[in-house]
Amino acid sequence: MITLRRLLGDRAFLTGAVAAAVMVLVALTAPLLTALAGQDPTTYHNDLLDSARGGVPTGALGGLSGEHWLGVEPGTGRDLFARVVHGARVSLGVAFSALVLQLLLGVGIGVAAGLGGRYADAVLSRLTDLTLAFPGLVLAIALLAVVPQSWPRPVLLAVVIALLGWAGTARITRAETLSLKTRDYVAAARVSGASPLRVARREILPGLAAPVLTYAALVLPGNMISEAGLSFLGVGVRPPTPSWGQMLSTATTWFRADPLYVFIPGGLLFVTLLAFVLVANGVRRVLDPRQSEVLR
Amino acid sequence: MIGLLLRRVAGAVLVLLALSAIVYALFYLAPRDPAVLTCGKGCTPERLADVRAAMGLDESALTQYWHFLEGLVTGRDYPAGPDVRHCPAPCLGYSFETDQPVTALLADRLPVSASLALGAETLSVAVGIGAGSLAGLRRFRFLDPLVNGLVLAGYAVPVFLVGLFLLLLFCVRLQWLPFPQYVAFTTDPLQWAQNLILPWIALAVILSATYARLTRAGLEQALGEDYVRTARAYGFPERRILRSRALRGALVPLVTLTAMDLASLMASAVLTETMFGLPGVGQLLVGAVNQIDLPVVVGVILLTGFLVVVANAVADLLYAAVDPRVQLT
Amino acid sequence: MRTALPLTLSAVLLAGALAGCQAGSDDDTSAGAAFDPATCQGGTLSVLNQGGITHLDPARLYTSGGGNIPSLLFRTLTTRNRLEGEAGTKPAPDLATDLGKPSDGAKTWTYKLRDNIFFEDGTPITAADVKYGIERSFAPELPGGAPYLRDWLVGAAGYQGPYKQPGGIKAIETPDARTIVFKLRKPEGDFPYLATATQFAPVPKAKDTGTEYEKHPISSGPYQVESYDPKKSLVLVRNPHWKRDADELRYACPDRIEVTAGLDSAVINQRLVAGAGQDADAVTTDAVVGPEQLAQLGPGGQLEKRVARGEFPSTTYLAFNTKKAPFDDVKVRQALSYAINRTSVVNALGGSAVAGPSTTFLPPQKALGYQQYDYFPAGENGDPAKAKELLGQGGLTIELAHENDDANGLGPKVAAAVQEAFKQAGVTVTLNAIDSSTYRDVTGKPSTQPGLSLQSWGADWPSGGPFLIPIFDGRQIITAGGNFNLAQYDDPAVNAEIDAIQALTDPAQAQQRWGALDAKLGQLALTIPLTHEKDVYLFGKNVKNAVPDGWRGTYDLARISVK
């Protein structure tokens, strides 16, 4: 209760939370919203483009009008509002799915390292350190390029991002597990002969919730950045599925002719990331008073 | 001490071996035949067999891997048509796509990546430590929001967004700078810096945030430590305490991080390189991945691993050198 | 040659010519009447390119009309007539005194070499040097280049090059130092067009160093190599033994030409627009203008004075595999032909400045025999109602194969435009992105060929033959791979007509018959023609006489001046 009240008193957190909630809501209701606007993300509108000038939207502000709330995409005339809203689904969907996988992997490995024997700990910790140190982007690009093109890209993206980003969670989990292990009630359970699995489930996991969730809150925007980056490099989701990173990468060739086309996906990405970071920051301040200072 | 060093080296070699094996297996299993790609259009089955033999692809996966390891130590010859292509040790493989040894390709790109990484790291450390230590001192508490903002930005902005913004502002709107086009330092140092300044800034926006935060936290903690209090009790001037004691303590975690960041930047600033069209190692990787140029992909990943492992070791040494509590023995 | 896919230096150069509409515009603000080839000499020309200069061996280059950069170094028996519009689609004598004398029903071609022609070391060029240059292009050690000669020359199909078979090719005779005679298996009226290829450049046997030769190929043209770093840079300086009066077509204005490769297309165009310092004297042979520049083009646009608009004969189309359901059903092919939205495809390729809608397989150049037809009128935006009517009840789901990047205009952008157009007609399209480096391998092997794929076809030379034969000649179905008859269409009557036209040595007659053949094939809906190419290239502020030629659609480095 106190926690909640303190959170609600934090203005930065509140702003972030509201913005984040709006984005999640937008992503969830994307088809509804586009229907409401009377548009869809794939229909071409050739009549709104100036073909002789490379297919740049006719009219000021990238073809912005009452029908096309954010204008249309150069080269295709597809409705930008619809594309951006559907792009939110990919961005958030991949980030959340990857997060769930990361937590499963990270907590599993972290607890195993913390509770396992000396050798298990040594091997798992070394693996964690390595994964943490290695620049994941390099491997992610290589991985995404060799899998057959027909595999579902969003799922693949989530898996690859998770596989390369579980180590932080594992490290924190291990540290917390080690400290929990020495607590009286856990020691008591172990002495009384409870199986390691039972100890892990009943005694350790509840204690992990706060620190792991605090950390996870920060991993989420990281995942979004990864997805956007991979899509930007062209190894992310495939067209015609819209994604912010992919839109940005096409937009880079248009920034003089149609600046709005850059600002819409770019601005949204920035605002959404900022919202989630503010949320993470607020949660940390409340749940993890040892580090009252901003982030780590 | 020597035992420890040997153990570290052995461990590093083991890690690199494991990495190479995994990457090799990964691409060996990939459902694309590099020989077909190299052979090109109008390829007859006989010619394909020749190419396969020349690339060493007619052998089993294990044998191929073994030859790869041999080549690392002794160099390697590839038969190709009438002449033989020699790949001197340490041979990371031969790119038939570009008709060059992988090591030559990497050596070609490394100066670009190193220029990018070194400049960005220098700038980030300077800005990070500057802002962080100012904010860490009570007198400059009003700078806190600035550092907080910097930190938030560091987390919330992808590097390609910063890059895009910088290009838009300085090259398109204000036209203060030309579109970046890599010029070697040895050709013209001024142009080298002029063309790299935007990529440096883009990376520094992201990196300096962490450094500023770490410096501030470290400084705050160090000011409360015993050795600082002792120094104060002895009557050392405050400025000297700050410089020689407190800041030194605060720098410890920063050193490790800097070394690691530098290593990973060398090989993985893919997005920055793409954004600014810099022909570095990251671009090499993206190109190789698109052409399924297996030896180059493996080479880049191994180079990255190598740099990370070396940086790890260097960081440990620096750590000992800079921390007043750790003594080199 | 079989494709416009840029693989070699020259192919990249010609692919630069990725467009094709109106013959060049009049940019006589900078060129035009004031230009005098006699006083254009001096200065350094910079060439800023994305790719190319991968190889410099004339045996390995795959060019249309001799290429742009290669043609500065190598003179060939014939070359392209370097003029704007239709005049530029004709071959012209280069080393030879005329376009060749056909005899024996165009099965024998005889050429006389002109006087006053020398290699860069001062040695006179002889017929034996030309013969040797052709022979070494057969060597497996020097892969690349067009495959026609192997097919056309008598008994040359199995020849392994002079390194393994020093005896040479019997079908090429050199009765004296000035005469060279070619004996062909069948009549080939297009031989003078083929003789523009770099394989017809002379190579002195004494200086041949095999695979090392390209480090410094011996020049027969106005320039010679000063330094060459593959894929990165090439510096050309004047060849002192080239005689201006023995070469009417190459003006050779700049004293020095510096080629830089490996640049980003957007950066190249930005630099050409800005024109700072040396960039004022710069051109590009492979970076077509991007959307940023296209948006500044058009009447009154400030860039309009600094673009060359040309046309390279090339068609982007959808290829059916008529051996695969549902495309074995002509009704399905017709329905999709009605459904296509060509405006969306044009816009996906960069708008009407760089692509025009095509309803015919032959692009709209007279030299190829173009005849207008539109059997399945789809209008500007498609006719989904008519398509639905033909398809009847029940939806259709098909797969469309395309390249995974947009560099060759066969990528996701165009595929998505096709997908959306077919969706309007109730046809669901799933996209199958194939790696661009393997794309032609997958689609060119009947066993792996998809039912529907996005393709493009460029002219090896401006004539109907090389445009139609590989695509529609039933004897050209190659099951082992490298097949371009993707419809797998084989009609003896069509094959016989092809043979008959090939025997014609009068281009005007041949044009008429090629056009009629295309119109006849069009009724079968074996392909859906989408667009033809138009080329827009920028050039630097100080560049003069940047006139696109009718053959390749780009300006000619041999005629540009920076003085």
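Residues numbered from 1 in each chain as written. Chains lettered and ligands numbered in written order. Predicted model: local features only at pLDDT ≥ 70, side-chain atom pairs only at ≥ 80, totals over all residues. Heavy atoms only, no water.

(A) Structural detail: the overall build of chain C. Counting its secondary structure elements, chain C contains 15 helices and 19 strands. For the C-alpha atoms alone, the extent of chain C along its principal axes is close to 75 × 55 × 40 Å. A total of 563 residues make up chain C; the buried ones form 63% of that total. Restricting the contact set of chain C to residue pairs at least 6 apart, pairs at least 24 apart contribute 74%. By element, 53% of the accessible surface of chain C is carried by carbon and sulfur atoms, the whole surface being about 18500 Å². (Helix = DSSP H or I, 4+ residues; strand = E, 2+ residues; numbered from the N terminus. Buried < 20%, exposed > 50% of the residue type's maximum accessible area, 1.4 Å probe, protein only. Contact = heavy atoms within 4.5 Å. Areas by Shrake-Rupley, 256 points an atom, 1.4 Å probe, with all protein chains shown as cover.)

(B) Geometry of the packing of helix H4 (residues 80–115) of chain A against helix H10 (residues 196–232) of chain A. Residues and elements named next belong to chain A. Their axes nearest at 8 Å, the elements H4 and H10 cross at an angle of 145°. Seen from above, H4 lies across H10 with right-handed handedness. Of the residues assigned to the contact of H4 with H10, the class counts are 21 nonpolar, three polar and one charged. (Axes fitted to C-alpha atoms, helices over the stretch in contact; angles between N-to-C directions. Left-handed = near helix turned anticlockwise from the far one by under 90°. Nonpolar A, V, L, I, M, F, W, Y, C, P; charged D, E, K, R; others polar.)

(C) Representation of empty space enclosed by the protein. All names here are of chain C. For the structure on display, the rule yields eight cavities of 30 Å³ or more. Taken as a whole, the second largest cavity encloses approximately 160 Å³ of empty space. Surrounding the second largest cavity, 17 residues form its lining, Thr 359, Phe 376, Gly 522, Thr 527 and Pro 529 being those nearest its centre. Elements with a contribution of two residues or more to the lining of the second largest cavity: helix H15 (507–522) and strand S18 (527–533). (1 Å grid on protein atoms, 1.4 Å probe; cavity = no way out; pocket = protein on both sides within 12 Å on 5 of 7 lines; lining within 4 Å. Points joined across faces, edges and corners; volume = space filled by probe spheres on them.)

(D) A look at the nonpolar core. Counting residues in each nonpolar core, the largest one holds 131 residues, and the members touching the most others are Leu 269 of chain A together with Ile 301 of chain B. Split by domain, the residues of this core number at least three in each of domain 1 (16–87) and domain 2 (105–322) of chain B. With sequence-adjacent residues up to four places away left out, Leu 269 of chain A is seen in contact with Met 224, Ala 228, Trp 244 and Leu 248 of chain A together with Pro 158, Phe 160 and Leu 161 of chain B. In this structure, Leu 72, Tyr 228, Ala 282 and Val 289 of chain C belong to the second largest nonpolar core, which totals 47 residues. (Core = buried A, V, L, I, M, F, W, Y, C linked by side-chain atoms within 4.5 Å. Domains from an automatic or database assignment.)

(E) The arrangement of unusual backbone geometry in detail. All names here are of chain C. Pro 326 follows Ala 325 through a cis peptide bond whose omega is 0°. Here Pro 326 shows up in the loop between strand S13 (314–320) and helix H8 (330–339). In this structure, Asp 104 is a non-glycine residue whose phi angle is positive, near 55°. Residue placement: Asp 104 occurs in the loop between strand S4 (101–103) and strand S5 (108–112). Asp 104 gets classed as exposed once you look at its relative accessible area, which sits at 54%. A positive phi angle, close to 50°, is found at Ala 252, a residue other than glycine. Here Ala 252 falls in the buried class, since its relative accessible area comes to 0%.

(F) Main features of the sheet that holds strand S11 (residues 282–283) of chain C. Residue and element names in this part refer to chain C. Ordered by their spatial adjacency, five strands build an open sheet running S8-S9-S10-S1-S11, and the pairing between neighbours is mixed. Edge positions in the open sheet fall to strand S8 (223–229) and S11, since each of these has one partner strand only. Where strand S1 (residues 44–48) meets S11, two bridges bridge the pair, whose relative direction is parallel. Of the residues in S11, the one forming a bridge with Ser 46 is Ala 282. (Pairing = 2+ DSSP bridges.)

(G) Summary view of a nonpolar patch on the surface. Residue and element names in this part refer to chain A. A contiguous nonpolar surface patch, about 570 Å² in accessible area, is contributed by Val 100, Leu 101, Leu 104, Leu 105, Val 155, Val 159 and Leu 163. Of all the secondary structure elements, the ones that give two or more residues to the nonpolar patch are H4 and helix H7 (153–164). Considering each element in turn, the nonpolar patch owes the most residues, four residues, to H4. Since its relative accessible area comes to 61%, Leu 104 is described here as exposed. (Patch = residues over 30% accessible without salt bridge, like charges linked within 9 Å, V, L, I, M, F, W, Y side chains within 5 Å. Salt bridge = Lys/Arg side-chain N within 4 Å of Asp/Glu carboxyl O.)

(H) Seen up close, the pattern of salt bridges. For the structure shown, the criterion picks out 34 salt bridges over all chains. The partner of Arg 78 of chain A in a salt bridge is Glu 73 of chain A, and the shortest N-O contact between them spans 2.9 Å. Both residues of the pair, Arg 78 of chain A and Glu 73 of chain A, belong to the buried class. When the shortest N-O distance is used, the salt bridge between Asp 549 of chain C and Arg 80 of chain C registers 3.0 Å. Here Asp 549 of chain C is found in the segment after strand S19 (535–538), whereas its partner Arg 80 of chain C is found in strand S2 (residues 78–80), with 469 residues between them in sequence. It is possible to trace a salt-bridge network through shared partners that takes in Arg 75, Asp 94, Asp 247 and Arg 250 of chain C.

(I) Looking closely at the pairing of strand S7 (residues 179–183) of chain C. Residue and element names in this part refer to chain C. With respect to burial, S7 is a largely interior element, four of its five residues being buried. The pairing of S5 with S7 spans five bridges and is antiparallel. Each bridged residue has a counterpart across the sheet, and for Thr 108 the counterpart in S7 is Lys 183. Bridge count for strand S6 (residues 172–176) against S7 is three bridges, and the pairing is antiparallel. Looking at the pairing, Glu 173 lines up with Val 181 of S7.

(J) View of the pairing of S8 of chain C. All names here are of chain C. Bridging between S8 and strand S9 (residues 233–238) involves six bridges; their strand directions are antiparallel. Bridge assignment links Tyr 228 to a residue of S9, and that residue is Leu 234. Hairpin connection between S8 and S9: a loop of three residues separates the two successive antiparallel strands, and Lys 231 in this loop has a positive phi of roughly 65°.

(K) The interface of chain A and chain B, seen in detail. Contact with chain A, which involves 39 residues of that partner, is made by 42 residues of chain B. The contact between chain A and chain B buries some 3700 Å² in all, and 82% of this surface belongs to carbon and sulfur atoms. Taken together, chain A and chain B are joined by zero salt bridges. The tally of links between chain A and chain B comes to zero residue pairs in polar contact (both at pLDDT 80 or more). (Buried area = accessible area lost by both parts, 1.4 Å probe. Polar contact = N/O pair within 3.5 Å; in protein donor to acceptor, adjacent residues only side chain to side chain.)

(L) Fine view of the sheet that holds S7 of chain C. Residue and element names in this part refer to chain C. An order of S4-S5-S7-S6 is seen for the four strands of this open sheet, with the pairing classed as antiparallel. A strand with exactly one partner marks an edge of an open sheet, and here the two such strands are S4 and S6. Each strand of the sheet is rotated relative to its neighbour by a mean of 20°, with strand direction disregarded. Helix H3 (residues 127–136) contacts S6 and S7 of the sheet and is inclined by roughly 170° relative to S6.

(M) Region of the structure containing the domain arrangement of chain C. All names here are of chain C. Partitioning chain C into domains gives domain 1 (59–221) and domain 2 (314–535). Once you take the C-alpha centre of each, domain 1 and domain 2 turn out to be 33 Å apart. Of the residues lining the interface, 17 residues belong to domain 1; the matching set on domain 2 comes to 13 residues. For the domain 1 and domain 2 pair, buried surface summed over both sides reaches about 1300 Å², with 53% attributable to carbon and sulfur atoms. Inspection of the region where domain 1 meets domain 2 yields one salt bridge. Our enumeration of links across domain 1 and domain 2 arrives at eight residue pairs in polar contact (both at pLDDT 80 or more). At the level of secondary structure, the elements contributing two or more residues to the side of domain 1 that touches domain 2 comprise helix H4 (148–152) and helix H5 (191–194). Grouping the constituent residues of the side of domain 1 that touches domain 2 by class yields nine nonpolar, four polar and four charged.

(N) Representation of the state of the cysteines within the structure. Residue and element names in this part refer to chain B. A full pass over the atoms with the stated rule returns two disulfides over all chains. The disulfide bridge from Cys 87 ends at Cys 91, spanning 2.2 Å between sulfur atoms. Between Cys 87 and Cys 91, the S-S torsion sits near 105°, and that sign places the bridge as right-handed. (Disulfide = S-S within 2.5 Å.)

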